[in-house]
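# Residue-level structure breakdown
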Amino acid sequence: MGLEMVRFAEERKDEVLLMLRKMASNVHQRKLMHQSLPLHMRRRAMSYNSKRLPRKFRSAHLSQFSKSGVSEKKKRPSRKFRRKPHNLLKEYERRKRTFVWLETHIWHARRFHMAARWGYKVAQTPCNKGYRACYRATSKHCLLHDLSYEGCVEVRGTETALREGLRRLCSERVGLTMAGKAYGAGTRAGYVWLYEDGQYPYGCLGKVRFVWRAGETEDRRTVWIFAHPSLYRKLVEQLVLIFGLKNALRETSECLADITRNPVDIRCPRYRATSQANGEVEVIELKDTLNRFHLTGPLSQATLAKALRLYKPPAEFDPSRSTGTWYSEFVEGVPQAKKILRQQAVYWGANKDRTSPGELSPGEVIGLVVEDPRLNRPQKRTKALPGIPSRYAQLDDNQCPTATVSTSYSPLWDDTIRNRVTEEMKSTHELSHRRSIEALVPGERCATEAYLQPVPILLLQTPGSQDADYKRLGYGAGWDVIVPAGYGLPLWHSLTRWGAKAAGQRELDMMAIESGTDRSAAPDTILGRSESATAHTEALRRYFNRPNNRRVNYTKLSIASPFRCPWTQLVHEWNGTAKGGVDNPQADTFFVLRDKDALAKLRLALDRKFNIRSIGLPPAALVPLLITLKTRGNPGANAILCLPKREDFRANKRNRLDSEHGPVYTEPLRKDPHERERKVLRAQHLRTLKRLRGQRVREKKRRQRANPGVLVRIAAANNGMRVQEQLEEMAELWLPGQPATVRDQCSRECFGYVTQCCFSLSEGKVTGLAYVTVKGLEKLFKICNKGTFKVLIRGTRSRGYRFATLRLANE
């Protein structure tokens with residue numbers, strides 16, 4: 001039977017027209033326009049973007065959406081609009097509420113990985129591969145770091161009262177205190193370890209830098225103390241307790257926490273003595289009011305010489321242009337101000353061309369008044385180099401001036417001058433606008449630039465290596481540059497333009513290991529404890545986020561504490577004492593040995609020139625050591641230090657004769673006693689959750705049958721507490737919070753831990769900072785009765801023991 005095409009087309013014509021009419025109409029239509037299209041034409045974006053539909057259906061689509069009450073989606077503002085200056089400032093102010101930003105934050109945020117630490121946003125590490133480059137900068141060039149997050153505390157009072165009070169925070173057994181005569185004149189800055197009042201050798205706060213103000217009388221002395229933000233609040237509280245101070249800006253109770261608590265609008269809190277017996281001592285918090293930049297490397301001297309140009313007032317005074325009114329008042333108000341500035345200029349001119357800051361006196365202080373840093377900046381990045389000919393001419397003449405109180409004097413100490421410098425600073429926008437109007441030749445100075453206000457700064461020399469047997473003399477020497485608020489970023493730009501390489505926190509840790517000093521991991525300090533707790537929490541989170549079959553079973557590796565160093569338990573087990581108690585409150589504490597006499601004798605004992613038992617080391621002390629691996633391998637942080645046995649020495653000798661680089665001993669795998677218990681516990685937990693889910697399902701079905709036609713909902717499962725208890729119990733089975741033993745956790749006796757470990761570029765070997773117990777060190781002296789002292793070191797994820805040599809670390 002044939003098909004008549006003409007008749008078939010005529011009959012289908014009406015049906016096609018009806019279909020098109022229904023598609024174009026929105027009356028009594030159950031589907032939306034974009035839902036009526038064929039499947040191959042549908043797109044997910046059609047529901048909110050009408051331009052995705054064919055043109056002939058867009059009007060119907062918009063009509064449907066307008067009748068449904070759905071608002072039209074507005075176009076997202078472009079990135080150009082969102083990055084406009086007024087929007088950026090609002091966004092920056094919002095983001096500053098949680099963490100404090102340094103003045104160089106924007107510069108760092110574009111080039112560094114930023115991290116939230118100690119209430120600040122600080123640069124962690126550069127985005128480029130700059131680890132080796134930063135080491136080269138410290139050894140041959142100039143490395144720059146922003147230390148402005150370290151807060152400054154200003155203490156004023158009579159010299160007698162200050163020396164007596166500050167001496168209580170230090171100990172002469174550790175070295176020179178803040179009351180030492182070498183620092184009193186203000187010509188030298190120093191470092192000191194601080195302790196709680198009367199708690200030495202326990203209660204260590206941390207290491208701080210201090211400098212006395214030069215040119216003052218005994219009736220009125222001032223000292224600045226720069227402290228890390230982790231111990232800044234504790235330092236203020238100790239000063240308030242020692243001098244008996246009260247809050248000078250508001251009424252408080254007798255509680256120490258209430259005295260030191262200040263509203264946000266108070267920029268510089270003040271505390272004053274309430275009685276004349278304390279000598280009218282005053283403590284002022286200058287936190288976040290000063291910028292402090294740390295330069296390290298031999299070319300830091302040349303970088304400062306190029307970036308800093310001494311201020312010369314203009315020959316003709318123009319009141320309409322001048323903005324440096326504080327300078328004229330300072331010259332007129334301070335006796336012999338011109339003579340002081342002249343002596344500073346002569347001294348800086350004689351020493352600025354030295355090849356390294358290590359050639360100057362350790363801790364030397366220089367006060368300068370320099371031009372605006374924005375006026376002395378190269379067009380492109382240029383490496384600053386010292387003027388060698390002039391330097392040798394000075395050495396030949398042998399007439400180089402010496403540092404005096406006048407060279408250390410600086411207007412920066414005056415808070416009135418500091419505030420005026422910040423308030424009267426011309427913005428970069430204003431300066432650029434005046435340049436565009438007045439500068440006839442691009443790059444040449446305009447008339448306004450000659451009348452910009454000068455900037456007072458303070459230079460503190462940082463001594464480098466003083467031990468040529470360990471590290472070359474002067475390694476790590478540099479400068480600390482202190483500038484007032486507002487001029488941090490301009491000076492930072494000038495220093496980087498003159499060749500200084502910026503560094504972050506990771507690079508500072510690298511410098512500490514290269515120098516053999518412990519910068520942040522001393523276990524008895526506030527910073528060391530907080531950093532250890534933070535690292536332990538983060539490592540545990542990453543560990544338990546992995547599935548069971550991807551976790552390292554540290555029980556089988558005989559590692560009791562892989563993510564932190566249990567110093568208290570280690571000291572107790574070696575001393576055979578109980579933990580704490582009413583009769584012996586110090587039984588659960590330890591401290592790092594910093595006694596200069598004891599360390600000097602211990603250094604002789606390591607050279608086999610002194611008997612370690614005759615030193616009388618306290619059993620609760622931890623001895624800081626610098627370990628160096630003899631063979632390949634990097635054990636990493638939290639590695640254990642163990643005492644060797646006779647067979648280990650024989651195995652090491654065989655390896656050297658056979659030119660083998662393997663471990664001298666391999667820890668045998670142990671059985672995990674909790675493995676079966678974990679499997680049973682996990683199976684029971686899953687069965688419990690399945691049973692509770694079945695109960696909820698049956699309850700829902702029962703209610704549904706009782707109420708047909710009604711949608712029944714039941715409460716969600718409240719298993720949060722049960723799941724949390726299960727996680728804590730499983731975590732305790734994987735890694736016990738309190739190990740049964742630390743000393744005998746493996747087949748070799750553990751007597752210390754490595755806090756930091758990495759490949760040292762200066763030594764060409766893997767080095768690390770470690771702390772060991774006194775009893776364990778005395779036992780090591782019995783084992784290693786000849787030759788060099790060696791210890792066994794093993795990483796937390798390895799079973800192989802390797803030998804390492806040791807020496808005392810620099811404190």
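Look up: the structure comes first, before these words.
Thresholds, definitions, all that
- Residues numbered from 1 in each chain as written.
- Predicted model: local features only at pLDDT ≥ 70, side-chain atom pairs only at ≥ 80, totals over all residues.
- Heavy atoms only, no water.
- Helix = DSSP H or I, 4+ residues; strand = E, 2+ residues; numbered from the N terminus.
- Rg over C-alpha atoms; globule rule 2.2 N^0.38 Å.
- Buried < 20%, exposed > 50% of the residue type's maximum accessible area, 1.4 Å probe, protein only.
- Axes fitted to C-alpha atoms, helices over the stretch in contact; angles between N-to-C directions.
- Parallel < 35°, antiparallel > 145°, perpendicular 65-115°, else oblique.
- Left-handed = near helix turned anticlockwise from the far one by under 90°.
- Contact = heavy atoms within 4.5 Å.
- Nonpolar A, V, L, I, M, F, W, Y, C, P; charged D, E, K, R; others polar.
- Pairing = 2+ DSSP bridges.
- 1 Å grid on protein atoms, 1.4 Å probe; cavity = no way out; pocket = protein on both sides within 12 Å on 5 of 7 lines; lining within 4 Å.
- Points joined across faces, edges and corners; volume = space filled by probe spheres on them.

Time to look at the overall build of the protein. Each helix and strand in the protein was counted, giving 26 helices and 24 strands. A globule of 811 residues ought to have a C-alpha radius of gyration of about 28 Å, yet the protein, at 35 Å, is considerably larger. Taken over the C-alpha atoms alone, the protein extends approximately 125 × 85 × 65 Å along its principal axes. In the protein, buried positions account for 47% of the 811 residues.

Contact pair helix α7 (residues 159-167) / helix α9 (residues 229-243): the axes reach a minimum separation of 10 Å and the direction vectors enclose 120°. In terms of their interaxial angle, α7 and α9 are classed as oblique. The two elements α7 and α9 cross, and the hand of that crossing is right-handed. Contacts between α7 and α9 involve Ala161, Leu162, Gly165 and Leu166 from the former and Leu239, Ile242 and Phe243 from the latter. Residue composition of the contact of α7 with α9, grouped by class: six nonpolar, one polar and no charged.

Before going further, it helps to spend a moment on helix α19 (residues 505-515). Across the eleven residues that make up α19, a large majority, eight, are buried. Residues Gln505, Glu507, Leu508, Met510, Met511, Ala512, Ile513 and Glu514 constitute the buried set of α19. Phi for glycine 516, located one or two positions after α19, is positive at around 75°.

Okay, the sheet that holds strand β14 (residues 455-462) next. The strands making up a sheet associate through hydrogen bonds between their backbones, and the pairing can be parallel or antiparallel. Read from one edge to the other, the open sheet built from six strands follows the order β13-β14-β15-β12-β4-β16, with strand pairing classed as mixed. One side of each edge strand has no neighbouring strand; the edge strands of this open sheet are β13 (365-370) and β16 (501-502).

Quick look at the sheet that holds strand β10 (residues 270-273) now. The seven strands are arranged β6-β7-β8-β5-β11-β10-β9 in an open sheet whose pairing can be described as antiparallel. Only two strands of the sheet have a single partner each, and these edge strands are β6 (190-195) and β9 (245-247). Mean inter-strand twist for the sheet, computed between neighbouring axes without regard to direction, equals 30°. Across six bridges, β6 lies against strand β7 (residues 204-212) in antiparallel orientation. Of the residues in β7, the one forming a bridge with valine 192 is valine 208. Its contacts with the sheet place α9 against β5 (151-157), β6, β7, β8 (221-227), β9, β10 and β11 (282-285), and it is angled at close to 15° to β5.

Summed over all chains, the structure comprises three cavities of 30 Å³ or more. When its volume is computed, the largest cavity comes out at roughly 80 Å³. If you go around the largest cavity, you meet 13 residues; those closest to its centre are Leu102, His108, Val122, Ala123 and Asp146. Every element with two or more residues in the lining of the largest cavity is listed here: α5 (105-109), β3 (120-126) and β4 (143-146). The biggest single contributor to the lining of the largest cavity is β3, with three residues. Of the residues assigned to the lining of the largest cavity, the class counts are six nonpolar, five polar and two charged.

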